[in-house]
Amino acid sequence: QKEVEQNSGPLSVPEGAIASLNCTYSDRVSQSFFWYRQYSGKSPELIMSIYSNGDKEDGRFTAQLNKASQYVSLLIRDSQPSDSATYLCAVNPGGGNKLTFGTGTQLKVEL
Amino acid sequence: GAVVSQHPSWVICKSGTSVKIECRSLDFQATTMFWYRQFPKQSLMLMATSNEGSKATYEQGVEKDKFLINHASLTLSTLTVTSAHPEDSSFYICSATGTGGHTIYFGEGSWLTVV
């Protein structure tokens, strides 16, 4: 089992819709969870971080964490074509500084 | 947010030569820096973790004599790919975190092409 699993997609949503991206992780002691957006040929940029169970909202983005189910998700409301990118889920197991990345989900927002 | 800068953004080198990539934290002291490699359509793979003033810790399968990492100051880490081969062609990305920080900031990445 991979440490961090994501559906590779592509996930296609129409402009203005809600995009839902999911991620599961295997290390139960993981403490910190991150969502990064990566455009083709570019470095990842941090979208959201979440450390506690529940929801965390920032603008059009909402991260959801369920440690019991070892599941973290990212919702993007009012999706825009500029949101089209690969979204990487990253987990910080054991409280250290290392990040373990999923393979990413490609999101396509269509006009 | 914090800024991490990489240089060069892209580099082409001949097979057998060495190439150095720099990673700088511009507005914070980076106690820990990480080096990743990403092949096309694949995820980021951690190569090594470096703490300022200490030897880097390499991930399993990464040759420490081939990928030399130096973290001599709190704002600069370098990755040197020695005796580069075409299979080393990849996107190399550094990231950094400061003292007590949970958030890790990424540099812009460096494209290496070995011909």
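Each remark here, short or long, concerns the structure printed above.
Residues numbered from 1 in each chain as written. Chains lettered and ligands numbered in written order. Predicted model: local features only at pLDDT ≥ 70, side-chain atom pairs only at ≥ 80, totals over all residues. Heavy atoms only, no water.

1. Describing the side chain of S90 of chain B
Residues and elements named next belong to chain B.
Then, number 1: Position of S90 among the secondary structure elements: in strand β9 (residues 90–98).
Then, number 2: Of the residues examined, S90 reaches a relative accessible area of 4% and is grouped as buried.
Then, number 3: Of the polar contacts made by the side chain of S90, one reaches the backbone oxygen of Q38; its length is 2.9 Å.
Then, number 4: The contacts of S90, once residues within four sequence positions are left out, are R37, Q38, F39, S110, W111 and L112. (Helix = DSSP H or I, 4+ residues; strand = E, 2+ residues; numbered from the N terminus. Buried < 20%, exposed > 50% of the residue type's maximum accessible area, 1.4 Å probe, protein only. Polar contact = N/O pair within 3.5 Å; in protein donor to acceptor, adjacent residues only side chain to side chain. Contact = heavy atoms within 4.5 Å.)

2. Describing the sheet that holds strand β7 (residues 67–73) of chain B
Residues and elements named next belong to chain B.
Then, number 1: Pairing within the open sheet is antiparallel, and its 4 strands lie in the order β1-β3-β8-β7. Because the sheet does not close on itself, it has two edges, and the strands there are β1 (4–7) and β7. Adjacent strand axes in the sheet meet at a mean angle of 15 degrees, parallel and antiparallel pairs treated alike. (Pairing = 2+ DSSP bridges. Axes fitted to C-alpha atoms, helices over the stretch in contact; angles between N-to-C directions.)

3. Considerations on the environment of E87 of chain B
All names here are of chain B.
Then, number 1: Position of E87 among the secondary structure elements: in the loop between β8 (76–81) and β9.
Then, number 2: On the basis of relative accessibility, which here comes to 57%, the residue E87 falls in the exposed class.
Then, number 3: C-alpha separation for the pair E87 and V114, spaced 27 residues apart in sequence, amounts to 7.7 Å.

4. Examining the nonpolar core
Then, number 1: Grouped together as the largest cluster of nonpolar side chains are 24 residues, with contacts concentrated most on W35, F67, L79, V81, Y92 and L112 of chain B.
Then, number 2: Mapped onto this core, the elements with two or more residues apiece are β2 (10–13), β3 (19–25), β4 (30–38), β5 (45–51), β7, β8, β9 and β11 (110–114) of chain B.
Then, number 3: In this view, F67 of chain B contacts R37, M47, Y58, V62, L79, T80, V81, D88 and Y92 of chain B; residues no more than four positions away in its chain are not counted.
Then, number 4: If you look at the next biggest cluster of nonpolar residues, it comprises 23 residues, including V13, L21, Y87 and L107 of chain A. (Core = buried A, V, L, I, M, F, W, Y, C linked by side-chain atoms within 4.5 Å.)

5. Things to note about the sheet that holds strand β1 (residues 4–5) of chain A
Residues and elements named next belong to chain A.
Then, number 1: Spatial ordering of the open sheet is given by β1-β3-β8-β7-β6, a layout of 5 strands whose pairing is antiparallel. Pairing within the sheet leaves two strands with one partner each, and these edge strands are β1 and β6 (54–58).
Then, number 2: Where β1 meets strand β3 (residues 19–25), 2 bridges bridge the pair, whose relative direction is antiparallel. Following the sheet pairing, E5 is matched in β3 by T24.

6. Here we look at the pairing of strand β5 (residues 45–50) of chain A
Then, number 1: Note that strand β4 (residues 32–38) of chain A and β5 of chain A share 5 bridges and pair antiparallel. Looking at β5 of chain A, one finds that R37 of chain A is bridged to E45 of chain A.

7. With respect to the interface of chain B and chain A
Then, number 1: Contacts between the two partners involve 21 residues from chain B and, on the opposite side, 18 residues from chain A.
Then, number 2: Both faces combined, the contact of chain B with chain A buries some 1400 Å², and carbon together with sulfur accounts for 56% of it.
Then, number 3: At the junction of chain B and chain A, the tally comes to 1 salt bridge.
Then, number 4: Counting across the interface, chain B meets chain A through 6 residue pairs in polar contact (both at pLDDT 80 or more).
Then, number 5: Mapped by element, the contributors of at least two residues to the side of chain B that touches chain A are β4, β5 and β9 of chain B.
Then, number 6: Among the elements that take part in the side of chain B that touches chain A, β4 of chain B stands out by supplying 4 residues, more than any other. (Buried area = accessible area lost by both parts, 1.4 Å probe. Salt bridge = Lys/Arg side-chain N within 4 Å of Asp/Glu carboxyl O.)

So far we have only geometry, and geometry alone does not tell us how the molecule works.
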